[in-house]
Amino acid sequence: MGVMASSKQRISARVAAITESATLAVDAKARALKAAGRPVIGFGVGEPDFPTPDYIVEAAQRACAVPRFQKYSPGAGLPELREAIAAKTKRDSGYEVAPSQVIVTNGGKHAVYEAFAALLDPGDEVLMPTPYWTTYPEAITLAGGTPVPVLTDENSGYLTSVADLEAHRTDRTKVLLFVSPSNPTGAVYPPGLVAEIGRWAAAAGIWVITDEIYEHLVYGSARFSSIPVAAPEIADRCVVLNGVAKTYAMTGWRVGWLIGPPDVAKAVSDLQSHMTSNVCNVAQAAALAAVSGDLSAVARMREAFDRRRQLMTRMLNEIPGVLCPLPEGAFYCYPSVKGVLGKELAGRRPASTTELAELILEEVDVAVVPGEAFGTPGYFRLSCALGDADLEEGITRLGKLLAQAR
């Protein structure tokens, strides 16, 4: 009996196959080195460097004393928050949904996982424009699906096309993952292309899961466009993911949501009733204050991120061997560093961006996330969501080091 037990894997193959979040791993290493006294500047984690607005914090403080918030609440979310999210969605994107279609989740990642879990059966394929956020393929695989990367690069502004998507579609394709503005690239799809892709998905009979977490972080002439609004024919096969984390600097509060057709919303609500029950009521009260209020907080953040994305892009493009398109949304730059790989640098010849990122952290105390984490070796992701002085100092250090590549 003991021999048989020991021959089995201790960890399930499904969970053992998960890769740790590269962005969180880089951030944890940077924090540890900083705590040890190293002057590390971290470009790793996607987190606004602004505090949560006071009126939101105060709403949470008041909620702590409300007796009904000290008890279980409906698993799908506080009714008043679901109503407010539906109203906010119509206000911000023009998408009209019923509160019953909204499921409040434990952050955006939870919404991502539940969306794929609700739609995918083993063997179902998901078209995944690449570079992609590190969590997407893990959530797809955990749900039994197969991620199908659809490669984009700096030459197309990291935008995919209907032709590219169609070339990867098979009879097993069930879902298109559509993300605009994009993490990690900052790409924003023009409204006409959003509509074209939505119409294609509807005609092909596939679902769209669209992550709109960065909807308010767009710059210059770029405009956010919600795919079920741009292509209404896809609305009945579309799941929208969002949350308060980026818009209101609330990453640690862990409140996201999923909006889907009634049958999907019911399925996700049933799943969540067993997985987590209700999201923390105090955090939901904070989210209610956030989505019910105006957008002045994000307007101030957007102004800072706009300035930083331009400064970072300009400084990166001044480094030999580095090429960085100007991001139109989110708060990341995604430069190609292929012109540096294989050259001698600090006595070594890094052959991958993973090796180069390790070298940069060791030599100049700058933490970046290598492109391998996002499905495209040869690139880095750098967050613009850090103070101006640190941003300039960090890119200056990076530039001085990479300029020595021979």
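Source: prediction; values computed, not measured.

Moving on to the sheet that holds strand 5 (residues 173-179). Taken in spatial order, the seven strands make up an open sheet running 2-8-7-6-5-3-4, and their pairing is mixed. Lying at the two open borders of the sheet, with one neighbouring strand each, are strand 2 (102-105) and strand 4 (146-151). This sheet shows a mean twist of 20° between the axes of neighbouring strands, independent of strand direction. Sheet analysis places strand 3 (residues 125-130) next to strand 5, joined by three bridges and oriented parallel.

Attention now goes to empty space enclosed by the protein. Here the structure, examined in full by the defined rule, presents two cavities of 30 Å³ or more. In this structure, the largest cavity encloses a volume near 140 Å³. Taken together, 15 residues form the lining of the largest cavity, with Pro129, Thr130, Pro131, Val179 and Ser182 sitting closest to its centre. With three residues, the single largest contributor to the lining of the largest cavity is strand 5.

Turning next to the nonpolar core. Ranked by internal contacts, the top residues of the largest apolar core, which has 60 residues, are Leu176, Ile197 and Val244. Looking at this core, the element that brings in the most residues is helix 12 (residues 281-292), giving six residues. Residue contacts for Val244: discarding those within four places in its chain leaves Ala249, Met250, Val255, Trp257, Ala287, Ala290 and Val291. Core analysis: the second largest hydrophobic core is formed by 42 residues, Met315, Phe331, Val337 and Val366 among them.

Glancing now at the sheet that holds strand 12 (residues 380-383). The sheet built from three strands is open, its strands ordered 9-12-11 with antiparallel pairing. At either end of the open sheet lies a strand with only one pairing partner, and these are strand 9 (332-333) and strand 11 (369-370). Sheet analysis places strand 9 next to strand 12, joined by two bridges and oriented antiparallel. Directly across from Tyr332, in strand 12, lies its bridge partner Ser383.

Space inside the largest pocket adds up to approximately 460 Å³. For the largest pocket, the lining is made up of 23 residues, of which Gly46, Lys109, Trp133, Lys246 and Arg254 are closest to its centre. Counting residues per element, the ones that place at least two in the lining of the largest pocket are helix 3 (22-35), helix 6 (108-119) and strand 7 (238-243). Residue contributions to the lining of the largest pocket peak at three residues, all from helix 6.

The next thing to look at is the packing of helix 13 (residues 296-317) against helix 15 (residues 388-402). One can describe the packing of helix 13 onto helix 15 by two numbers: an axis separation of 10 Å at closest approach and a directional angle of 10°. In terms of orientation, helix 13 and helix 15 fall into the roughly parallel class. Together, Arg307, Arg308, Leu311, Met312, Met315 and Leu316 of helix 13 and Asp388, Leu391, Glu392, Ile395, Thr396 and Leu398 of helix 15 make up the contact between the two elements. For the contact of helix 13 with helix 15, a count of residues per class yields seven nonpolar, one polar and four charged.

Quick look at unusual backbone geometry now. Ser180 connects to Pro181 through a cis peptide bond whose omega is -5°. Examined against the element boundaries, Pro181 turns out to sit in the loop between strand 5 and helix 9 (191-204). With an omega of 25°, the peptide bond running from Asn183 to Pro184 counts as cis. Positionally, Pro184 belongs in the loop between strand 5 and helix 9. Of note, Arg254 is a non-glycine position whose phi angle comes to about 60°, a positive value. Inspection of the secondary structure puts Arg254 in the loop between strand 7 and strand 8 (256-259).

Here the focus is helix 7 (residues 135-142). Residues Thr135, Tyr136, Pro137, Ala139 and Ile140 constitute the buried set of helix 7. Buried positions along helix 7 lie against helix 6, strand 3, strand 4, strand 5 and strand 6 (207-211). One or two residues past the end of helix 7 sits Gly144, with phi positive at roughly 95°.

What follows is about the pattern of salt bridges. Under the criterion given, the structure shown has 19 salt bridges. The residue Arg308 makes a salt bridge to Asp388 at a minimum N-O spacing of 3.1 Å. Placement of the pair is Arg308 in helix 13 and Asp388 in helix 15, with a sequence separation of 80 residues. Between Arg348 and Glu362 there is a salt bridge, and its shortest N-O distance comes to 3.1 Å.

Rules used in this analysis
Residues numbered from 1 in each chain as written. Predicted model: local features only at pLDDT ≥ 70, side-chain atom pairs only at ≥ 80, totals over all residues. Heavy atoms only, no water. Pairing = 2+ DSSP bridges. Helix = DSSP H or I, 4+ residues; strand = E, 2+ residues; numbered from the N terminus. Axes fitted to C-alpha atoms, helices over the stretch in contact; angles between N-to-C directions. 1 Å grid on protein atoms, 1.4 Å probe; cavity = no way out; pocket = protein on both sides within 12 Å on 5 of 7 lines; lining within 4 Å. Points joined across faces, edges and corners; volume = space filled by probe spheres on them. Core = buried A, V, L, I, M, F, W, Y, C linked by side-chain atoms within 4.5 Å. Buried < 20%, exposed > 50% of the residue type's maximum accessible area, 1.4 Å probe, protein only. Contact = heavy atoms within 4.5 Å. Parallel < 35°, antiparallel > 145°, perpendicular 65-115°, else oblique. Nonpolar A, V, L, I, M, F, W, Y, C, P; charged D, E, K, R; others polar. Salt bridge = Lys/Arg side-chain N within 4 Å of Asp/Glu carboxyl O.

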